[in-house]
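# Observations on the three-dimensional arrangement
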Amino acid sequence: MAYKRQIDRLPIIPADAKKHNVTCHYCIVGCGYHAYTWPINKQGGTAPEENAFGVDLSEQQGAETEAWYAPSMYSIVKQDGKDVHLVIKPDQGCSVNSGLGSIRGARMAENRRSDVLGTQQQRLTEPMVWRYGTWQPTSWEDALDLVARVTARVIDDGDEDDLYVSMFDHGGSAGGYENTWGTGKLYFDSMKVKNCRIHNRPAYNSEVHSTRDMGIGELNYCYEDYQLTDTIFMVGANSLETQTNLFLNHMVPGVRGDTLAKKEAELPGELHAPARVVVVDPRRTVTVNAFEEVAGKENVLHLAINSGTDLALFNALFTHIADQGWVDAEFIAASTFQDGVAQPQDEQHPAALGSFEAARAACRMSLADAAAICGVSEADIAKAAEWIAMPKEGGARRRCVFPYEKGIIWGNDNYRTIGALVNLGLATGNIGRPGGGVVRLGGHQEGYMRPSDAHVGRPAPYLDRLIIGGGGKVHHIWANDHYKTTLNASEFKRVYNRRTNMVKEAMDARAGATREELVDAIVAAIEAGGLFSVNVDIVHTQIGQQAHVILPAVESGEMNLTSMNGERRMRLVEKYMDGPGSAKPDCLIAAGLAQALERVLREEGRDAYADRFKGYDWASEEDAFMDGYHANTGQIVTYDRLRAMGNNGVQEPVIGYEDGKLIGVKRLYADGKFDRHGREDKKALFCCGAWRGLQAPGKAAQKAGFRFLVNNGRSNINWQNWFLDKDNDFVADRYPYPFLEIHPDDMADLGLAAGDLVEVYNDVGATQAMAYPVETARRGETFMLFGAPSGTQGNVINAGTNELILPNYKQTWADIRKISDAPATVKHLSFKSKEYRMG
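In what follows, the accompanying structure is described.

Basis of the calculations
Residues numbered from 1 in each chain as written. Predicted model: local features only at pLDDT ≥ 70, side-chain atom pairs only at ≥ 80, totals over all residues. Heavy atoms only, no water. Core = buried A, V, L, I, M, F, W, Y, C linked by side-chain atoms within 4.5 Å. Buried < 20%, exposed > 50% of the residue type's maximum accessible area, 1.4 Å probe, protein only. Helix = DSSP H or I, 4+ residues; strand = E, 2+ residues; numbered from the N terminus. Contact = heavy atoms within 4.5 Å. Phe/Tyr/Trp six-rings, centres within 6.5 Å; stacked < 30°, edge-to-face > 60°. Lys NZ or Arg CZ within 6 Å of the ring centre and 35° of its normal. Pairing = 2+ DSSP bridges. Axes fitted to C-alpha atoms, helices over the stretch in contact; angles between N-to-C directions. Parallel < 35°, antiparallel > 145°, perpendicular 65-115°, else oblique. Left-handed = near helix turned anticlockwise from the far one by under 90°. Salt bridge = Lys/Arg side-chain N within 4 Å of Asp/Glu carboxyl O. Disulfide = S-S within 2.5 Å. Polar contact = N/O pair within 3.5 Å; in protein donor to acceptor, adjacent residues only side chain to side chain.

Let's shift gears to the nonpolar core. Formed by 222 residues in total, the largest nonpolar core has its most connected members in Y187 and F233. By residue number, the principal contributor to this core is helix α19 (residues 586-603), which donates 11 residues. Non-local contacts of Y187, meaning those with residues more than four positions away in its chain, are made with L163, V165, M167, K192, V193, H455, H476, W478 and L593. W722, Y735, L757 and V774 belong to the second largest nonpolar core, which has 17 residues in total.

Structure (structure tokens):
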């Protein structure tokens with residue numbers, strides 16, 4: 001088992017150590033931490049006045065003591081050019097996590113680059129340009145000049161369609177309001193780039209078009225609602241794995257009955273009981289197991305539906321609840337559209353939107369039909385409906401919160417399926433209400449602040465398909481690695497390699513050329529079908545292997561960074577260490593590129609176009625924040641005001657500043673007015689989306705042609721595409737290779753033992769994984785990690801999307817065969833069940 005190899009003891013944090021506010025930059029939950037830093041030649045003592053905790057450390061501390069931190073929470077880093085001790089530990093005063101630390105957040109310190117301890121040495125430190133057959137370090141001026149000159153040569157004034165852009169749209173490690181504004185101002189204001197995509201999908205679009213079209217923003221509740229609710233109806237999510245402290249600190253108290261006094265105080269006279277749980281997921285996950293252990297099996301209903309049949313289930317629930325009269329008629333009359341269809345189905349709307357009665361007629365689905373489609377019993381569907389909406393004793397309406405995530409976002413018929421779930425929340429009056437909400441659980445934190453993207457269009461361009469078809473001449477990539485996180489990845493990689501190699505060969509052939517001669521050679525290769533690639537990231541990525549210019553960025557903690565979590569809680573992460581080498585914040589890289597483009601365009605006599613690149617004279621990330629978020633949201637929020645709010649921050653939207661505090665909004669739509677769709681009447685719309693089978697092209701044929709469903713998702717220990725975990729001993733020791741969960745009987749049929757390497761293959765590609773036996777898996781259904789570097793599940797996902805270019809990553813079928821016996825590097829692994837028992 002891996003251990004902290006570089007450390008045999010931990011120093012005591014001195015009383016005068018610097019203390020910084022930190023929000024964990026991994027998942028969307030956004031747990032609060034504090035980063036302590038102090039000089040390398042100093043440490044605190046055991047006396048209360050000598051340490052940061054103010055306690056006598058010569059005495060044994062209690063089990064729940066705050067005066068403790070693990071080796072994973074410690075490192076030695078650079079701060080203002082000097083080595084300093086660093087401890088990043090959970091903040092007990094933060095309402096999000098109350099001192100809990102997840103396996104991801106509690107390793108933030110050990111995942112910082114340390115030249116003393118040798119961690120994260122793969123971080124990029126200097127700009128690099130492809131020269132002499134490899135990447136050579138260079139200056140920012142040289143690298144940005146080359147990018148600007150090639151980019152300027154291939155785009156015409158006012159027509160940037162030959163420039164393709166891949167960029168993050170989130171907060172956390174590679175985003176935040178500063179960096180989304182910097183990139184957004186460059187590509188959507190100074191330019192009008194329409195051929196762009198987001199980090200995890202092949203177009204620049206929303207993952208939740210339908211809920212927004214219905215008038216409802218997807219992050220509309222607060223975490224407290226799990227403690228006030230009567231029922232949690234969770235769909236396509238595995239929160240113990242992926243939102244650990246949201247599950248432990250908010251969901252568990254709600255279902256265990258710890259919050260009954262809180263319920264009675266805030267919602268008196270409603271006959272309160274611990275919350276029940278419905279989980280909709282083809283897999284039995286550790287979340288189902290944990291809910292059963294803390295709530296009792298009688299209070300947990302797992303609807304293990306056939307993959308991709310969520311829409312049929314939701315429509316049946318909607319039908320049954322409406323037929324039983326369990327709807328909130330008063331809410332429907334006051335807050336929803338009343339007159340038939342408000343928005344007809346068209347190219348931009350894959351289902352009509354309108355009134356409750358219009359949706360009720362369009363979505364009608366009997367319990368019997370849904371049971372046949374979904375593979376669950378009529379009785380269980382009826383029970384779920386009762387737990388959602390049947391009035392409580394005394395007549396009080398049941399409160400239900402509907403959290404959902406990638407299982408339906410990246411699943412079948414995205415628009416209609418999410419709309420059908422929102423229908424349930426609207427019909428039962430559970431949006432804007434304590435203990436309610438229809439909400440994304442989320443992946444990253446959010447931090448979106450960009451000029452309008454209306455010019456991109458809807459449906460947005462399918463960027464991967466355009467690149468495969470020869471489109472694009474220059475590709476700017478910001479913290480994206482599509483080689484690991486896209487669909488149809490096998491073909492995308494083949495084409496991308498070929499096109500970028502054409503430019504590399506042209507550059508190699510002109511070694512020693514002048515800048516003008518080199519640009520001429522690059523452009524000639526582009527015109528012959530090549531693609532010039534620029535990669536901005538913190539590590540050398542797989543798609544970055546094909547780049548011609550690589551620009552090093554910093555991440556959270558190496559810059560001041562703002563973002564909001566899944567309950568819209570905005571915080572400032574204070575810079576507590578230096579970035580590696582000359583790496584910069586993304587917003588300042590964008591500013592440098594804008595300045596270089598302005599200079600090059602003026603040299604070429606294109607002054608009118610050059611003028612569009614003015615306004616980037618930012619000296620710091622705070623300048624970018626003030627230019628973007630501050631200037632575009634009412635000019636209330638500043639770094640100093642956020643700093644004063646600490647790790648509890650403020651819930652957006654921020655509506656005022658009084659008595660030294662920012663004033664936010666606890667939950668959205670409490671007034672029953674819905675505005676995300678932009679309609680003046682502020683009435684919510686229902687979705688009129690009937691069940692229509694597997695919607696994305698090619699899915700039904702693939703299901704018929706291959707034996708195994710290959711589902712995908714996250715694991716607790718891994719983060720996203722393993723960008724830092726790949727070189728972390730603790731993670732690599734647990735999973736040297738990405739796993740494939742599979743039933744032992746299926747393994748026996750395939751001649752597999754635990755840890756054997758297998759190939760997963762179908763009509764679009766192949767990938768590999770390590771066989772992991774799971775007794776609770778269903779025969780013929782497997783589960784892979786999404787985005788793993790050495791087992792890319794995207795290789796076997798076909799190119800089919802929904803009408804609005806949302807990828808269907810979840811419904812994939814393939815065959816499996818053995819590659820080799822378990823390698824020596826997995827001999828030490830445990831393949832025990834991941835479920836646990838409390839008794």
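Looking now at the packing of aromatic side chains. Using the criterion set out here, one finds 28 aromatic pairs in the structure. Relative to F831, the ring of Y772 has its centre 5.1 Å away and its plane inclined at 65°; by these criteria the two rings are edge-to-face. Of the two residues, Y772 is situated in strand β28 (residues 766-773) and F831 in the segment after β30 (813-820); the sequence distance between them amounts to 59 residues. Residue Y772 shares its accessibility class with F831, and that shared class is buried. By the ring-pair criterion, three or more aromatic residues cluster together here, those being Y177, F625, Y629 and Y639. Here the guanidinium or amino end of K834 rests over the ring plane of F739, the centre of that ring lying 3.9 Å away.

The 6 strands are arranged β25-β29-β26-β28-β27-β30 in a closed barrel whose pairing can be described as mixed. Between one strand and the next, the sheet's axes are offset by a mean angle of 45°, whatever the strand orientation.

This paragraph deals with the pairing of strand β9 (residues 231-235). With 5 of its 5 residues buried, β9 lies for the most part within the structure. Alternating residues of β9 divide into T231, F233 and V235 and I232 and M234, and every residue in both groups is buried. Relative to strand β10 (residues 276-280), β9 runs parallel, the two sharing 5 bridges. Each bridged residue has a counterpart across the sheet, and for F233 the counterpart in β10 is V278. Strand direction decides the pairing type here: β9 and strand β14 (residues 400-404), joined by 3 bridges, are parallel. Opposite T231, over in β14, you have C400 as the bridge partner.

Another point: the pairing of β28. Taken across its 8 residues, β28 has 6 buried, putting it largely inside the fold. Sheet topology places strand β26 (residues 739-742) next to β28; 4 bridges connect them, and they run parallel. Of the residues in β28, the one forming a bridge with I742 is P773. Across 5 bridges, strand β27 (residues 757-761) lies against β28 in antiparallel orientation. The partner of Y761 across the bridge, within β28, is A766.

This part covers the sheet that holds β14. Taken together, the 5 strands give an open sheet; going across it, the order is β11-β10-β9-β14-β15, and neighbouring strands pair in parallel fashion. The strands lining the two open edges of the sheet, one partner per strand, are β11 (300-303) and β15 (438-440). Here the average twist between neighbouring strands, direction ignored, is 15°. The sheet contact formed by β14 and β15 spans 3 bridges and is parallel. Its bridge partner being in β15, P403 is matched across the sheet by V439.

This part takes up the packing of helix α2 (residues 176-190) against α19. With their axes 7 Å apart at the nearest point, α2 and α19 run at an angle of 20° to one another. Here α19 runs roughly parallel to α2, going by the angle between their axes. Relative to α19, α2 is oriented so that their crossing is left-handed. Contacts from E178, N179, G182, T183, L186 and Y187 in α2 reach D586, C587, A590, L593, A594 and L597 in α19.

On to the pattern of salt bridges, then. One pass over the structure, following the stated rule, counts 71 salt bridges. A salt bridge links D162 to K473, with the shortest nitrogen-to-oxygen separation between them at 3.6 Å. A residue pair is termed long-range when its members are at least 10 positions apart, and D162 in the loop between α1 (140-154) and β7 (163-167) and K473 in the loop between α16 (463-468) and β16 (474-478) qualify at 311 residues. Between R778 and E781 there is a salt bridge, with the nearest N and O atoms lying 3.2 Å from each other.

Attention now goes to the state of the cysteines. One pass over the structure, following the stated rule, counts 0 disulfides. Sulfur of C94: no disulfide; nearest cysteine sulfur belongs to C31 and is 7.0 Å away. Its relative accessible area of 1% is what places C94 among the buried residues. In this structure C400 is a free cysteine whose sulfur lies 15 Å from that of C222, the closest cysteine sulfur available.

Before going further, it helps to spend a moment on the environment of G656. As for its position among the elements, G656 is in strand β22 (residues 656-658). The exposure class assigned to G656 is buried, which follows from its relative accessible area of 14%. For the pair G656 and R256, spaced 400 residues apart in sequence, the C-alpha separation works out to 36 Å. With residues up to four places along the chain from it excluded, the contact list for G656 reads I636, K661, L662 and I663.

In this chain, R458 is followed by P459 through a cis amide linkage whose omega measures 0°. Here P459 is to be found in the loop between β15 and α16. With an omega of 0°, the peptide bond running from E652 to P653 counts as cis. Of note, P653 is situated in the loop between β21 (650-651) and β22. Although it is not a glycine, S98 adopts a positive phi angle of roughly 50°. Topologically, S98 is positioned in the loop between β4 (82-90) and β5 (128-131).

A word on the side chain of R201. Along the chain, R201 falls in the loop between β8 (196-198) and α3 (209-213). Of the polar contacts made by the side chain of R201, one reaches the backbone oxygen of N205; its length is 2.7 Å. Among the polar contacts made by the side chain of R201, one reaches the side chain of E207 at a distance of 3.2 Å. Ignoring any residue separated from it by four or fewer positions in sequence, one finds R201 in contact with D169, S206, E207, L806, P807 and Y809.

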